Amino acid sequence: MDKIQILKELVDTFGISGFEEPVRQKIRKLFPQVKFKEDNVGNLFTTVGNGGKKIAIMAHMDELGFLINYVEKNGYLRFKLIGGWDVRGVYNRVVEILTDKGMVYGVIGLKPPHLLKNEEFDKVLSWDDLYIDVGVEGDEEVKKMNIIPVLPARLKKDFVMLDEKYVVTRALDDRVGCALNLLLLENFLHNYTKNNITLVWTVQEETGLRGAQAFSARNSFDEVYILDTISAGNLPWGDFYQSPARTGGGPVIRLADRKGVSSLRLRNFVKSIAKRNKVEVQETVTGGSTDAAAAFEAGLNSIPLCIPVKYTHSQVEMMDIADYHNTLKLLLLIGTN
Ligand SMILES: [Zn+2]
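Let me begin by describing the structure that accompanies this report.

What counts, and where the lines are drawn
- Residues numbered from 1 in each chain as written.
- Predicted model: local features only at pLDDT ≥ 70, side-chain atom pairs only at ≥ 80, totals over all residues.
- Heavy atoms only, no water.
- Patch = residues over 30% accessible without salt bridge, like charges linked within 9 Å, V, L, I, M, F, W, Y side chains within 5 Å.
- Areas by Shrake-Rupley, 256 points an atom, 1.4 Å probe, with all protein chains shown as cover.
- Salt bridge = Lys/Arg side-chain N within 4 Å of Asp/Glu carboxyl O.
- Helix = DSSP H or I, 4+ residues; strand = E, 2+ residues; numbered from the N terminus.
- Buried < 20%, exposed > 50% of the residue type's maximum accessible area, 1.4 Å probe, protein only.
- Donors = N, O, S within 2.8 Å, 3.2 Å for Na, K, Ca; no water.
- Axes fitted to C-alpha atoms, helices over the stretch in contact; angles between N-to-C directions.
- Parallel < 35°, antiparallel > 145°, perpendicular 65-115°, else oblique.
- Left-handed = near helix turned anticlockwise from the far one by under 90°.
- Contact = heavy atoms within 4.5 Å.
- Pairing = 2+ DSSP bridges.

### Thoughts on a nonpolar patch on the surface
A cluster of nonpolar side chains, V94, M103, Y105 and V107, forms an exposed patch at the surface whose accessible area comes to about 310 Å². Examining the composition of the nonpolar patch, we find that 3 residues originate from one element, strand β7 (residues 102-108), more than from any other. With respect to the helices and strands, V107 occurs in strand β7. The class of V107 is partly exposed, set by a relative accessible area of 35%.

What follows is the structure, given as structure tokens:
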């Protein structure tokens, strides 16, 4: 399976937190020969190999989005946020609303410079100042377009390659983790592993690690690895100390973040295996959190292995393709040792 193609397909698939069904369907469709299981809250999983260590590898299917919550008389839509958005990233963008009859487009526009009063220039607007414009004159037309509260929406994505070296798109967080989990599955279907490995695609990470929490409470493993992204610090503003991981530096062992410290035992294991096999890894302490915290709180030994990404949670998340390949290499080593 082409590694970039599978990533692009997953990125393009609609799946904001709580509305992950299209991503589940996509995963099932890519591997029709595999028996996937789905738990009550929507986590998808399958197990390969038997004997050895009981390992889980998890990636979250959901991404940031919006919920349409009110239609104004004049036809403009009000919306609420799902996940950790930065308002500055949504102005003047195209929005995709998923209705029962398919995708409908709209825009989040700004008052143009021609109409701005002096004091309005450079002002950061609040969420309450923003509307989605679907190009109609009133609420009756909105209804005819099958747009009603509460429908999910997202910003329209561009998937761009920079010089064949970087991928730029929204939702690398965490479709790149989902893609890696699928590439692992493909590998373990063909190659022997002495371990018992459960690959898990979780729901609602962006709304508080909820899917991983549910899954970890009901299943037991010796080791849990979380595949996610981490904010790379090699940015023009020079605050590298806040997240001293860089794109191109290899997979990142996220030893600690806002939710606490991960398993030292797993950290030591991953570091030693990487060293023996000459895979370059980074290790860091940063902000935010991952599904690893939910697994830890359920009593499981867990650690996040993250792909460094610039401009996380924006429309232009940027990943060095070498990090994608090297993370897969590291995961295969973990799975077979
Ligand atoms: Zn995220």
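Having seen it, we continue.
### Some thoughts on the coordination of the zinc ion
Here the zinc ion is held by the protein donor atoms D173 (OD), E206 (OE) and H313 (NE2), which lie 1.8 to 2.3 Å from it. Considered as a linear motif, the donors of the zinc ion on their single chain read D-x32-E-x106-H. Taken together, the residues D173 in helix α4 (residues 172-190) and E206 in the loop between β11 (196-202) and α5 (210-218) connect sequence positions 33 residues apart. Pair check on accessibility: D173 and E206 agree, each one buried.

### A short note on the packing of α4 against helix α8 (residues 321-336)
In contact at an axis separation of 10 Å, α4 and α8 are set at 50 degrees when each is read in the N-to-C sense. Here α4 is positioned oblique relative to α8, judged by the angle of their axes. You can see that α4 and α8 cross each other, and the crossing is right-handed. On α8, the residues touching V176, A179, L180, L183, L184, N187 and F188 of α4 are Y324, T327, L328, L331, L332, G335 and T336.

### As for unusual backbone geometry
In this structure, the amide linkage connecting P149 to the following residue, V150, adopts the cis form with an omega of 5 degrees. Cis rather than trans, the peptide bond between D173 and D174 has omega equal to 5 degrees. Even without being a glycine, D122 presents a positive backbone phi close to 65 degrees. Along the polypeptide, D122 turns up in the loop between β7 and α3 (139-144). Positioned with a positive phi, A171 is a non-glycine residue whose angle comes to about 75 degrees.

### Some thoughts on the pairing of strand β16 (residues 302-310)
Taking burial as the measure, the 9 residues of β16 include 9 buried ones, the bulk of the element. Going residue by residue along β16, you find S302, P304, C306, P308 and K310 tucked away on one face and I303, L305, I307 and V309 tucked away on the opposite face as well. Relative to β16, strand β12 (residues 223-231) runs parallel, the two sharing 8 bridges. Counted as the bridge partner of D228 is C306 from β16. Here strand β13 (residues 252-257) runs beside β16; their pairing, made up of 2 bridges, is antiparallel. Residue pairing across strands places V252 opposite C306, the latter belonging to β16. Relative to strand β17 (residues 317-320), β16 is paired through 2 bridges, and the arrangement is antiparallel. The residue of β17 that forms the bridge with K310 is M318. Once β16 ends, the chain turns through 6 residues before running back antiparallel as β17, passing Y311 with a positive phi of about 60 degrees.

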